[in-house]
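Residues per chain are reported as follows:
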Amino acid sequence: MNKQESLSKVLYIDLAKRHFYKEIRDDLFGKYIGGAGVALQLLKEECPQGIDPYSPENPIIFSVGHLTGLFPMASKTVAMFKSPHTGNLGESHAGGRSAISIRMAGYGAIVIKGASVRPCYVAIHGDKVYFRDASTLWGMKSSITAGRFIRAKESSSGFRTIMRIGPAGEKMLPFSCVTTETFRHFGRLGLGAVFGSKKLKAVVVSGKRSLPVSEMKEYSKLYDLIFKTATESPLMKKYHEIGTPMNVLALNMSNGLPTRNLKEGTFESAEKISGEKIAEGYLGKRLACAHCPVACIHIAALREPYHDEPFFYKTTMIGYDYELLYAVGSMLGGSDVDGLLKILDRIEAYGLDCMSTGVVLAWMTEAMERGIISEKETNGLRLNWGDYPSYIEAVKMMVEQQNDFYKALSRGVDYVSSVYGGQDFALSFGGNEMPGYHTGPAAHAGWLAGARHSHLDNAGYAVDKKLMLNKELLPDELADAIIAEEIWRQILSSLVICFFAREIYTPQIVLEAMKISGLELTEEKLGRVAEEIYAEKYRFKIREGFSFNKLRIPKRIFETPSSAGLIDENYLHSLLNSIEQKINARL
Amino acid sequence: MRLEVVDAEKCVGCQSCMFACTRIHKDTGLSKTCIGIRSAGGMQRGFMVITCIACEDPPCARVCPENALLVRKVGGVLLKKEKCIGCGTCVKACIINAIFWDEDNNKPLICFYCGYCAKYCPYGVIELRKTDIEIEKGMGVQHE
């Protein structure tokens, strides 16, 4: 076995100089594990304070972890950059084959610096890096088509990842995403726009190699235990049968399904867009990330006739999950599944973050309803809840940046409402559009305070469940629960373990797996590392101007009853104050 | 005995089989896999499961200049490592690309039908099945 292949090798790529080099960074991978922990340090090293996220100096960092390629479900790549959407810490995770390919190519992290003069894509095949011209791919209407050409051009099928952007990223729309393996995304916070600013169409990574383990027998034993739990225990069932879309009905029942721009918390047509119904009528295929047997990726098959040509049909495969069904389903009051799938397909082709897209469209609909904006701003388009053809048209005009309004819209609800009004119902938190959980104060506090303003930071919605059971909980207790979860997730995301597998990867299993992969820590030390990574994130955020005082809380969340009842404004403020104090105490 | 792809349509692309195959070779990662899962033209098209299907008259064995590939009576081929010169001619001869390459040793990697990978397929895509393959003798290659 070739044991020299260490995780500590970092590949640096300079797009301006078409130059690459490698460095062994045992210092980082020893102290900060990998994934989020290491990516953050590389970001601190490479990203000068206060830079414009679109400047060539903004680095793109990808990082994976010690367990990647060794154990199942350590299959995420962490991307870090300065976010053009929030102007602060950009952190986004994606699976597909990205993590395995990076590790198999021989790297623990990849840093992409500078900007290319003309459109390019970078192909990393093991030790070699190729700078390929992408002028011909630039401007293609669909990221799916561009992906197909790259797929045909590059070698190593089955051992590679193709991470690419669509027209939205090329045009630097601040919430554009990077898509990998057609259906997985670095969705949130605008990595696609940073690619676009560097004229970087795609990054291909491939490789195939051995990884070091301390002891083969122990390794196989632990592998089998994890694999068995993943495939046979009920822990993962919810992810692989109906999948996350199971949440539609569950949240709807508890009043937590944001509907029509959160004017309501229940959707009368939730049944129609439920995971159960879509599985019944549309589920066409299930897919998995590399090295994850769970296969949580649900793909719908949509068969559509061509109206101008008899007996001519097309069948499109479209990825869906809970957040998408919320963002362009209930949030837009839409119950026509065909229409819903069509807009998802367009969003995929443009390479936009679907959650932000849904929320900006919901804001736009309500703003029209209230007369804040009219057809004058929207280029003659009238939006009504659930009207997908108009929504598809609106997304098109936004991507084409047709006028000042659509330009403002593409910058998110925070910005567009600062220009046109309607801040009270502009549902963004820390500059990032809301996820689909109106479960109570902990969810909202979690997004406001979380390092990347995502529901995945600290799972506030799960904390809200405690509140639903016990109304007497003090803000301080909720704050502790939110922070404890976010701190533990620093370990999971530094080992790039999928959060869906968090119940399998208990601290004990994590420590055992780390030991076999060559990093032996005690539970206490692991806790300290988690605390340190957590604190480092806030140090970076504060360096870049984050402050709890600047957080805007949309009034709407206090007007619509949540799963935990009407959210009390004072309670939420106390909760945030408590979180702020607890974070400050750690810095 | 051969490894049979029962239903490639059920393949989710998790590649657990590829990792398993490497482990049975006492290695880790994907360096030693003899089975390949690749998309059939993008993930939306599903997957191809690529592994040795135990041809009755295997071209890989026929083209080997050193007769390093022995055709097994039970199906498939066996690599005589000491005879192999690492020329890669067998790889080119396999039109389904089922011969993988061991970069560390510069020799081909070919499925030997242990069935270990099938144990890690959660969806029953691959199975180890006993089949009676009558192999004609006297095709210019050595037999086991």
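Residues numbered from 1 in each chain as written. Chains lettered and ligands numbered in written order. Predicted model: local features only at pLDDT ≥ 70, side-chain atom pairs only at ≥ 80, totals over all residues. Heavy atoms only, no water.

Chemist: Go over the overall build of chain B with me, naming the residues and quoting the values.
Modeler: Across its full length, chain B carries 4 helices and 8 strands. Reported as C-alpha extents along the three principal axes, the dimensions of chain B are approximately 40 × 35 × 30 Å. Per-residue burial for chain B yields a buried fraction of 54% across its 144 residues. When the accessible area of chain B is evaluated, it comes to approximately 6,700 Å², of which 51% is carbon and sulfur surface. (Helix = DSSP H or I, 4+ residues; strand = E, 2+ residues; numbered from the N terminus. Buried < 20%, exposed > 50% of the residue type's maximum accessible area, 1.4 Å probe, protein only. Areas by Shrake-Rupley, 256 points an atom, 1.4 Å probe, with all protein chains shown as cover.)

Chemist: Please provide a residue-by-residue account of empty space enclosed by the protein, values included.
Modeler: The method is simple in principle: a probe with the dimensions of a water molecule rolls over the atoms, and the space it marks as empty is what remains. This structure, assessed with the given rule, holds 7 cavities of 30 Å³ or more. Size it by volume and the largest cavity reaches roughly 130 Å³. Taken together, 13 residues make up the lining of the largest cavity; nearest its centre are Arg151, Arg160, Ile162 and Glu181 of chain A together with Ser39 of chain B. Those elements that place two or more of their residues in the lining of the largest cavity are helix 4 (143-153) and strand 9 (160-164) of chain A. Among the elements that line the lining of the largest cavity, the one with the most residues is strand 9 of chain A, at 3 residues. Residues that form the lining of the largest cavity fall into these classes: 2 nonpolar, 6 polar and 5 charged. (1 Å grid on protein atoms, 1.4 Å probe; cavity = no way out; pocket = protein on both sides within 12 Å on 5 of 7 lines; lining within 4 Å. Points joined across faces, edges and corners; volume = space filled by probe spheres on them. Nonpolar A, V, L, I, M, F, W, Y, C, P; charged D, E, K, R; others polar.)

Chemist: Summarise the interface of chain B and chain A; cite the residues concerned and give the values.
Modeler: Facing 34 residues of chain B, the contacting portion of chain A comprises 41 residues. Buried surface at the junction of chain B and chain A, summed over both partners, amounts to about 3,000 Å²; 55% is from carbon and sulfur atoms. Considering only the side of chain B, the residues that lose the most area to chain A are Thr28, Met43 and Gln44 of chain B, jointly responsible for 23% of the buried surface there. At the boundary of chain B with chain A, the tally comes to 1 salt bridge. The shortest N-O distance in the salt bridge between Glu9 of chain B and Lys285 of chain A comes to 3.9 Å. For the side of chain B that touches chain A, the secondary-structure elements that each account for two or more residues are helix 1 (16-24), strand 2 (36-39) and strand 6 (100-102) of chain B. Of all the elements, helix 1 of chain B adds the most residues to the side of chain B that touches chain A, at 4 residues. Residue classes in the side of chain B that touches chain A are distributed as 14 nonpolar, 12 polar and 8 charged. (Contact = heavy atoms within 4.5 Å. Buried area = accessible area lost by both parts, 1.4 Å probe. Salt bridge = Lys/Arg side-chain N within 4 Å of Asp/Glu carboxyl O.)

Chemist: Which residues make up the side chain of Glu544 of chain A, and what are the values?
Modeler: All names here are of chain A. Along the chain, Glu544 turns up in the loop between helix 23 (523-543) and helix 24 (556-559). A polar contact is formed between the side chain of Glu544 and the side chain of Arg543, at a distance of 2.8 Å. Once residues lying within four places of it in the same chain are set aside, the contact partners of Glu544 are Pro48, Gln49, Gly50, Ile51, Lys82, Gly87 and Asn88. (Polar contact = N/O pair within 3.5 Å; in protein donor to acceptor, adjacent residues only side chain to side chain.)

Chemist: Can you explain the sheet that holds strand 11 (residues 184-186) of chain A? Please cite residues and give values.
Modeler: Residue and element names in this part refer to chain A. Read across the sheet, 6 strands follow the order 8-7-12-9-10-11 without closing on themselves; strand pairing throughout is mixed. The open sheet has two edge strands, strand 8 (128-133) and strand 11, and neither has a second partner. Strand-to-strand twist of the sheet, defined as the mean angle between neighbouring strand axes without regard to direction, takes the value 20 degrees. Where strand 7 (residues 120-125) lies against strand 12 (residues 200-206), 6 bridges are found, and the strand directions are parallel. Its bridge partner lying in strand 12, His125 is registered against Ser206. Against the sheet, helix 4 contacts strand 7, strand 9 and strand 12, and its axis sits at roughly 145 degrees relative to strand 9. (Pairing = 2+ DSSP bridges. Axes fitted to C-alpha atoms, helices over the stretch in contact; angles between N-to-C directions.)

Chemist: Talk me through the sheet that holds strand 14 (residues 297-305) of chain A; I want residue IDs and the actual numbers.
Modeler: Strand pairing in a sheet relies on backbone hydrogen bonds. The paired strands run either parallel or antiparallel. Residue and element names in this part refer to chain A. A sheet is described by the order of its strands in space; here 3 strands give the open sequence 13-14-15, paired in antiparallel fashion. Whereas interior strands pair on both sides, the edge strands pair on one side only; in this sheet they are strand 13 (283-287) and strand 15 (313-320). Pairs of neighbouring strands in the sheet enclose a mean axial angle of 30 degrees, with direction left out of account. As paired elements, strand 14 and strand 15 share 8 bridges and run antiparallel to each other. Across the sheet, Arg303 pairs through a bridge with Thr315, a residue of strand 15. The strands that helix 12 (residues 337-350) touches are strand 14 and strand 15; relative to strand 15, the one it contacts most, it runs at about 80 degrees.

Chemist: An account of a nonpolar patch on the surface is needed here, citing residue identities and associated values.
Modeler: Residues and elements named next belong to chain B. On the surface, Ile53, Ile95 and Ile96 cluster together to form a nonpolar patch covering roughly 300 Å² of accessible area. Mapped onto the elements of the fold, Ile96 is located in the loop between helix 3 (89-93) and strand 6. The partly exposed category is assigned to Ile96, whose relative accessible area is 37%. (Patch = residues over 30% accessible without salt bridge, like charges linked within 9 Å, V, L, I, M, F, W, Y side chains within 5 Å.)

Chemist: Give a detailed account of the packing of aromatic side chains, specifying residues and quantitative values.
Modeler: Overall, the coordinates contain 23 aromatic pairs over all chains when judged by the stated rule. Measuring from centroid to centroid gives 6.1 Å for Tyr219 of chain A and Tyr223 of chain A, while their planes differ by 75 degrees, and the two rings are edge-to-face. Within this pair, Tyr219 of chain A and its partner Tyr223 of chain A are both found in helix 7 (residues 216-232), separated by 4 residues, close to a single helical turn. Take Tyr219 of chain A and Tyr223 of chain A: they sit in the same class, and that class is buried. With centroids separated by 4.1 Å and ring planes inclined at 10 degrees, the aromatic side chains of Tyr239 of chain A and Phe500 of chain A adopt a geometry described as stacked. Taken together, the residues Tyr239 of chain A in helix 8 (residues 237-240) and Phe500 of chain A in the loop between helix 21 (475-494) and helix 22 (507-516) connect sequence positions 261 residues apart. A residue is classified by how much of its surface remains accessible, and Phe500 of chain A, at 24% relative accessible area, is partly exposed. Members of the aromatic cluster, joined through ring pairs, are Phe71, Tyr219, Tyr223 and Phe227 of chain A together with Tyr116 and Tyr120 of chain B. (Phe/Tyr/Trp six-rings, centres within 6.5 Å; stacked < 30°, edge-to-face > 60°.)

Chemist: Which residues make up the domain arrangement of chain A, and what values do they have?
Modeler: All names here are of chain A. What the domain assignment lists for chain A is domain 1 (3-207), domain 2 (240-416) and domain 3 (439-586). For domain 2 and domain 3, the distance between their C-alpha centroids amounts to 28 Å. Each partner contributes residues to the interface: domain 2 has 16 residues there, and domain 3 has 11 residues. Along the contact surface separating domain 2 from domain 3 lie 2 salt bridges. When the shortest N-O distance is used, the salt bridge between Arg556 and Glu366 registers 2.6 Å. For the pair domain 2 and domain 3, the interface holds 9 residue pairs in polar contact (both at pLDDT 80 or more). (Domains from an automatic or database assignment.)

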